[in-house]
Amino acid sequence: MKISFKEIEILVSQLYGFDEPKVFLEQYETDGKTVSFFLQKAYQDLIQKYVIDLGCGTGILTFAAAFVDAKFVLGVDVDISALKIALKNKKVLDDLGFSLPVDFLCADVKKLYLKKKFDVCIMNPPFGIQRKGADRIFLKKAFEISDVVWCFLSQNSEPFVRKFSEENGFCVTSSFKTKIQLRRKFFFHKKNVEFLPVDIYRIERK
Ligand code: SAH
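Below you will find a few notes about this structure. The model shown is predicted, which means the values in this text are computed figures rather than measured ones.

## Focus: the site of the ligand
Now for step 1: Looking at the ligand, there are 21 residues lining it, with T30, G55, D77, D108 and V109 nearest.
Now for step 2: In the model, an oxygen atom of the ligand is placed 2.5 Å from a nitrogen or oxygen of the T30 side chain.
Now for step 3: Out of a free accessible area of 570 Å², the ligand has 97% covered by protein chains.
Now for step 4: Classifying every residue of the shell around the ligand by side-chain character gives 10 nonpolar, five polar and six charged.

Structure (structure tokens):
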């Protein structure tokens, strides 16, 4: 790793966010501090690995994994306008001299069929607040295509995550609490700076 967590935090904080975030897709980007927190926990799982980022949005976690020397990272999102921003962000990073091994695919996670498995799945997906069950669809897909999963979910989701993982032959090996700093975006966000408490899970095939 040729770049520090602090430098990654600063770089990803400067990338483009969602232009017009879509409420029904629960679009908000992970902030730089949270990215750095996540990487410090997860980087050993990512080094030299094939990684997939489900619901990658503007690509923050995709780039983050590539910064800690993942072999290749595929970002997947259903929203083409989010992926256009991800590509714009890739260009920004290319121009800064970081040519990262990433690519993007436009697909609905529910209908995603891949020939190749990935070593690790990372995701900050919809939490199922706007569309019930969205979080389950993401977890189910992650369990299908990889043996190690790093997943952001809403606070207090632990009993559900543990049970759902067990039912699918996986188990939670660690969990961490943090807060995502949201840029003021949706009309129902009253304050200028909102924090969203989240749990980050590491889940492994048994
Ligand atoms: N992971 C990104 C974005 C989080 S927002 C980050 O951490 O910054 C959640 C993302 O999931 C959005 O970009 C949204 O478009 C995407 N999404 C929602 N439903 C989806 C689905 N069914 N298939 C693929 N992507 C989906």
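## Some points on the environment of Q155
Now for step 1: Mapped onto the fold, Q155 is located in the loop between β5 (148-154) and α6 (158-167).
Now for step 2: As for Q155 and Q130, which are separated by 25 residues in sequence, their C-alpha atoms are 16 Å apart.
Now for step 3: Q155 has contacts with P197, V198 and D199, leaving out every residue within four places of it along the chain.

## A short note on the pattern of salt bridges
Now for step 1: Enumeration over the complete set of coordinates arrives at 14 salt bridges.
Now for step 2: Note that K33 and E9 form a salt bridge whose closest N and O atoms lie 3.5 Å from each other. Separated by 24 residues along the polypeptide, K33 in helix α2 (residues 32-46) and E9 in helix α1 (residues 5-13) bring together distant segments of the chain.
Now for step 3: Residue classification places K33 among the exposed residues on the basis of a relative accessible area of 55%.
Now for step 4: With relative accessibility at 12%, the residue E9 sits in the buried group.
Now for step 5: Where D199 meets K177, a salt bridge forms, and the shortest distance between an N and an O atom there is 3.0 Å. With D199 in strand β7 (residues 193-205) and K177 in strand β6 (residues 170-183), the pair connects residues that are 22 residues apart, well separated along the chain.
Now for step 6: Given a relative accessible area of 1%, D199 falls into the buried group.

The rules behind these values
- Residues numbered from 1 in each chain as written.
- Predicted model: local features only at pLDDT ≥ 70, side-chain atom pairs only at ≥ 80, totals over all residues.
- Heavy atoms only, no water.
- Near = heavy atom within 4 Å.
- Polar contact = N/O pair within 3.5 Å; in protein donor to acceptor, adjacent residues only side chain to side chain.
- Areas by Shrake-Rupley, 256 points an atom, 1.4 Å probe, with all protein chains shown as cover.
- Nonpolar A, V, L, I, M, F, W, Y, C, P; charged D, E, K, R; others polar.
- Helix = DSSP H or I, 4+ residues; strand = E, 2+ residues; numbered from the N terminus.
- Contact = heavy atoms within 4.5 Å.
- Salt bridge = Lys/Arg side-chain N within 4 Å of Asp/Glu carboxyl O.
- Buried < 20%, exposed > 50% of the residue type's maximum accessible area, 1.4 Å probe, protein only.

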